[in-house]
Every structure is written in C-alpha cells, then in structure tokens.
Amino acid sequence: MSNSAYAEVEELMRNAELRMELEPYADESISRVSLKHRSLRHENEFLAGMLDWEISPAEPISRWFTPELCIPAPEKLNDEQVLKILETVVAQLFEKKLILDFTDHLSDRELYSLIFRDILPSREKNLRNRNGFIHWDCSCGDNDVWLRFYASDDEREQFQNCTGKVLPPKEIPPHYRDLPQPLCAF
C-alpha cells in the first residue's frame, strides 16, 4: 500500500473514531454543520475540536496553570510590585492563548485589579488543543469607553446612526501598552 493510501485509511479510521466519541454529545446543532466541502483531514480537525470542546472542563482561568496562578490582592502591593506582577501575568495569560483587548484606558493598578477580580476567577473552557485565542474585552463592554478610546471614526458614526445617541468625545487612551498579540497567519 502506498503512503498516501495508508494515510487516507488512517484518516478514515480517525474519522470513525471521532464520530463514535462524539455520539453521546450529538444534537441538532451538530447535524446542522456541513462538512461535505472539507477534506477528510480538515473534517477530522474540526471533529477533534468539537470533541475537545465537549469534554473540556469549564474552570477558573487561574486553574489553567500548574500550579494555580494566584496573585496578591492589588491593595497589598505598591505600584512597582503591581507593574512587575502585571507584566508576568499578561505573558502567562498569552501563553494560555488569552489576549487582553482594550486596556489602554486603564492604569496598571486598574488592569491588575481587573485580572485579579474578573479574569482569573472567570470560568472558561480549558481546551487541551486550543487553536485560537480568547480575547478578553477589558472595556467590559462599556460602549462609552469603547467609543471614547477605541472606536474608529467610521465605527463611531455607525454607532450614532444606529442608536441616535450623543457620542462621548474621542480621546487618546492615557496608558499605551504593547501587549503580546498572535502572529498573523496570512
């Protein structure tokens, strides 16, 4: 048997295995997914991702780390300590494929507090084979913050046209950060 034929048989066997493992989780949402335009390898990658999602626990982000990522309460630290720990924690979160978005309006202490209070205790799926990144909106979905500091002129205009609301003045965020970002795969 040629290498390509052997590889195709392996993919077919893996496909059957993945489908059997996914059977207990099957519902109408799975049947709605069309895989007929994908190669068998891509279908298997997709099915493996679905299985990973189904079997992975939702647990506090702090427990994604070994040992658990515990940081001191912000009120127990001086500004220099906050900055040092913040830099380390942001890098650790990035390693777990969690990116912090819209942080430049926050002081170091405010960002540290957000990580301590909201991000680390948040229960999220701890996927074994996470392909993409989780983007954490550090504006906490506050339209005024987004419009004031991050929205483009087009986005501001679109928002105003859709809502009829008066926009806050546009400002430059006071705390520029060069946080880690994924490399583009284009």
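Summarised in this report is the structure supplied together with it. (Residues numbered from 1 in each chain as written. Predicted model: local features only at pLDDT ≥ 70, side-chain atom pairs only at ≥ 80, totals over all residues. Heavy atoms only, no water.)

### Some remarks on the nonpolar core
Core analysis: the largest hydrophobic core is formed by 24 residues, its most contacted members being I61, L93, L98, L100, L111, I115 and I119. Every element with two or more residues in this core is listed here: α4 (79-95), β2 (98-101), α5 (108-119) and β4 (134-137). Excluding residues that lie within four positions of it along the chain, L111 makes contacts with L86, L100, T103, L106, C138 and R177. (Core = buried A, V, L, I, M, F, W, Y, C linked by side-chain atoms within 4.5 Å. Buried < 20%, exposed > 50% of the residue type's maximum accessible area, 1.4 Å probe, protein only. Helix = DSSP H or I, 4+ residues; strand = E, 2+ residues; numbered from the N terminus. Contact = heavy atoms within 4.5 Å.)

### Quick word on helix α1 (residues 3-22)
Because each turn of an α-helix spans 3.6 residues, side chains separated by three or four positions end up pointing in the same direction. Its 20 residues give α1 an end-to-end C-alpha distance of 28 Å, which sits within 8% of 28 Å, the value for a rise of 1.5 Å per residue. Inspection of α1 places N15, L18 and L22 among the buried residues, and these make up the whole buried set. Viewed along the axis of α1, the buried residues span an arc of 70 degrees, placing them on a single side of the element. Set apart from the buried face of α1 by more than 90 degrees, the exposed residues are M13 and M20. Along its buried surface, α1 packs onto α3 (40-55). (Expected span 1.5 Å × (residues − 1). Arc of directions from axis to C-beta.)

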